[in-house]
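A structural walkthrough
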Amino acid sequence: MPGIVRTEKNKCKQCYSCVRHCPVKAVRVKNGQAEVLSERCIACGNCVKVCSQNAKTIESGIDKTLEILHRKEFKIAILAPSFPAAFTKDICGRIIAALKMMGFDEVWEVAVGAELIGEKYEELLNNRFKPPLISSACPAVVNLIEKHFPSLIPHLSPVVSPMIATGRLIKLEYPEALVVFIGPCVAKKDEMKQVEGVDAVLTFKELEDMIFTKNIDITRLEPSCFDGPLPQKAFRGFPVSGGLFLSLKDPFNFSRKTVIVDKREDVLPCLESIDSGEYNPYFVDILMCGGCVEGPHFKDTNYFANREKVEEFLLQGDKNDKDRDTVSEYLMHMKNAQELDLTRRYSSKAVFLKSPSEEDIRKILNYTNKYSLQDELNCGACGYSSCREKAVAVYNGIAEIDMCLPFLLTKEIKEKKRTEEFNREMNAIIDSSYDGIFVSDGEGKTLRLNRAFARFLGKSPESVIGLKADDLEKSRIIYPSLTKLVLKEKRRLTLIQETGTGKKVLATGNPIFDEEGRVVRVVVNARDMAELNHLSREALDFEKLKTYMEQSSLELNQGPLPRIVSISPLMEELLRIALRVAAVNSTVLILGESGVGKGLIARFIHENSPRKKGPFIKVNCGSIPESLLESELFGYETGAFTGARREGKPGLIEMAHKGTLLLDEIGDLPLNLQVKLLQVLQEKELTRIGGTKPIEVDIRVIAATNKDLRKMAEEGTFREDLYYRLNVVPLVVPPLRDRKEDVEPLIDYFMAYFNKNYGMTKSITEDAMKALVNYSWPGNVRELENLIERLVVTSERNCITIQELPEFIRGKKPPLQKITVEGIMPLKKAQDLVEQQLLELAVKQCNTTYEMAELLGVNQSTIVRKLQRFKDKQI
Ligand SMILES: Nc1ncnc2c1ncn2[C@@H]1O[C@H](COP(=O)(O)OP(=O)(O)OP(=O)(O)O)[C@@H](O)[C@H]1O
């Protein structure tokens, strides 16, 4: 059966007041909303009275009454004896008149029913009915015993309430009559559903509402009197505390053994003590409220004033009292009075809560940080008198675990701290963002912007916050307004905006939607176009360089080992030593003029070492711009610098792990990197740029140079400690002029190689060969190789003749440039000037640094380096 109390969910504000004041804890809190459990509810209406939010309402009897009033049957209203307390003195008689005006044929007093059952109580008490006899006039008490103290059911008086007794008397006399009870009690609405006797129940408050709605001006009505039989005075006092007891013929007969319970807080302890056998009264005159003059639907709840009004009516009576038959006279006139059945039966409706084990209780308590007895504050904020009682409710699913106020407060403080921290972090992230960030609400009002965006606008963030997108656009602070467009189109948009400072920004606006699909925020992300262009150029250069680096390294590493062509005893000796060195892990320093084949020897050592399956990485320290060399060698971590890849990148040293690292042109390694390299050689670990964690590397280092490192170390341009660390095994590759016997085999080798490469079958005449062998090859093997390639490609005939050779090889020395010396200057400066002039000439003649290298007989990296040097020094 549904209960009589309803909860308006959205009004419930988690105050737990209803839980606290419910005597039987019939309130379940679920998702923060309290709802009454009809199976546990005793319909006392207390939760309705204490709910400050008016979230609890009582089932209304108005509709049912209206329906009855529309019927043609005989309609009788029965007024509870507490009515004088509900209305002012001059209104009382007029209430009866108002009820008749509304359509009731008669208005009876419920005190009649009280007199009827009073006799029954007399009988039960005199016949010693299963003491203690517990009165059953209060339906909330009956519910309490049936649902929560079923063992006391045999002691409940088997007599109906005065309301039911009055209803039944009327229906016996007028079987067709419809009876509406009007009283102070909400529990009567529940009783009506369980026991036959009345057709509707109205509270005094509902009656007032009906009178108001029907536009009845009660003050203008002539007072009217009660119909029906006249009850004895004593029974008009039924609703006050002990009213039933005092109505007994000889109450003092039982006074010592009677207890009058009329306070809500006393009801439970009384029944508990009787139930436990601790307390053994003879008669229990028990009401849930302070008599029936203090219910949840009573406007003025001052018990004493209410009680006085009831007693006044009891003494003064009604104007027509003397004209009415008494109850006993009325019964005598009835033909079938003996058929009046005033008995009531009860049944157990007990729904007990499950008892959790101690372990279960502990688990629940622990969740809210209650680990010891001291932690159990029993503050009652949750509505339960103790933390354990609440734990039992949680276990039974009628309370929520986090209903604990101290726990929530601690949690909230923590949460607040976390939110503050998070906000601080977010602000720091947003403010440190390189991109400009601008946030508006769904109306286009500026909520926040970061420093970068404020910089674009040339304004302080504070001066922009609160301004509308439209205003920003009109005043040209930023134009056009992306926020406006996003709000209009409701989609992500990108466009170029111009700011008041003349900056152009590339901006992307994103709408943020709420659950209903409305745009609640617009987040604009912007980049300065000028910076963007600059970055893209930088990134392009960076990528190009890396591709070049990776390709050159991989070429060496992955391609077939180039043949070392040599028949000279000097080279044979060198290779023999190189082979021996290859077997061990020592650092090798390869010295020799440019283009003699130092790189080739390094590769030879790697391929013949135990590391041959590992990588062979070649780094030309002279050809990578100094600004990039560090990151190329040591790698970098995420976001270490502008243009860095997002995920970071290992350096070439790290890439050479388990293999060999050739540091070519080591003499060009900047001093700061020399220190870092020394650390790697000594500690066998490195730290990426922007990183903190050292990375272990197992590499063999081979350094190569055409410079006099020892001299450089003496002059302080190369670290001495690094020089000694590298110079463990020095290998000197002899220049080609010192091993002329290798020239012819090398020419044959390169002829065959390029013929194959270009699909040709060129050969060379003996004269040409002789001239080539006799040339002194300042650029060594590289110069020779380049010339042969050019001859194979450019020679018109199948056989390359001496005429096709450059003049300087044919014996005629290359024409000497006239270098004017106008005075004494340091030799080094003179050398620089000469080099500079030569480079200037070469730049004019050649398209690439490779061509320049060939023309000047040095390798390309030397050209790059020297050009850079002259540029830097602006010589
Ligand atoms: N003995 C050789 N047999 C075949 N090819 C050789 C020989 N020596 C050198 N070369 C070729 O000559 C070119 C220059 O050699 P390498 O780059 O090893 O010289 P390098 O001394 O390292 O030059 P740099 O000092 O400019 O770095 C390469 O193409 C290499 O293959």
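Residues numbered from 1 in each chain as written. Predicted model: local features only at pLDDT ≥ 70, side-chain atom pairs only at ≥ 80, totals over all residues. Heavy atoms only, no water.

An unreviewed UniProt entry annotates the protein as PAS domain-containing protein of Biomaibacter acetigenes.

Turning to the sheet that holds strand E13 (residues 446–449), a few remarks are in order. Strand pairing within a sheet occurs via backbone hydrogen bonds; the two strands may be parallel or antiparallel. In spatial order, the strands read E13-E12-E17-E16-E15-E14; together these six strands make up an open sheet with antiparallel pairing. Across the chains shown, the open sheet's two edge strands, defined by having one partner strand only, are E13 and strand E14 (478–479). In terms of strand pairing, strand E16 (residues 504–513) meets strand E17 (residues 519–528) through nine bridges, oriented antiparallel. Note that in E17 the partner of leucine 506 across the bridge is arginine 527. Relative to strand E15 (residues 493–499), helix H22 (residues 482–489) is tilted by about 155 degrees, and along the sheet it contacts strand E12 (436–441), E15, E16 and E17. (Pairing = 2+ DSSP bridges. Helix = DSSP H or I, 4+ residues; strand = E, 2+ residues; numbered from the N terminus. Contact = heavy atoms within 4.5 Å. Axes fitted to C-alpha atoms, helices over the stretch in contact; angles between N-to-C directions.)

Moving on, we come to the site of the ligand. Taken together, 19 residues lie around the ligand, and Val565, Lys598, Arg782, Glu785 and Asn859 are the ones closest in. Measuring from an oxygen atom of the ligand, one finds a backbone N or O atom of glycine 597 at 3.1 Å. Within the side chain of lysine 598, one N or O atom sits 2.5 Å away from an oxygen atom of the ligand. Considered on its own, the ligand offers 620 Å² of accessible surface; in the complex 89% of this is hidden by protein. When contributions to the shell around the ligand are tallied by element, the ones reaching two or more residues are helix H25 (598–607), helix H31 (743–758) and helix H33 (780–794). For the shell around the ligand, the residue count by class is eight nonpolar, five polar and six charged. No fewer than three residues from each of domain 3 (560–734) and domain 4 (738–804) sit in the shell around the ligand. (Near = heavy atom within 4 Å. Polar contact = N/O pair within 3.5 Å; in protein donor to acceptor, adjacent residues only side chain to side chain. Areas by Shrake-Rupley, 256 points an atom, 1.4 Å probe, with all protein chains shown as cover. Nonpolar A, V, L, I, M, F, W, Y, C, P; charged D, E, K, R; others polar. Domains from an automatic or database assignment.)

If charged atoms from side chains of opposite charge come close, those side chains can pair. Applying the stated criterion to the full structure yields 47 salt bridges. Close ionic contact of arginine 28 with glutamate 35 constitutes a salt bridge, the shortest N to O distance being 3.3 Å. Take arginine 28: its relative accessible area is 26%, and that puts it in the partly exposed class. Between arginine 324 and aspartate 321 there is a salt bridge whose closest N-O contact spans 3.0 Å. When salt bridges with common partners are traced through the structure, they connect Glu109, Arg236, Asp321 and Arg324 into a single cluster. (Salt bridge = Lys/Arg side-chain N within 4 Å of Asp/Glu carboxyl O. Buried < 20%, exposed > 50% of the residue type's maximum accessible area, 1.4 Å probe, protein only.)

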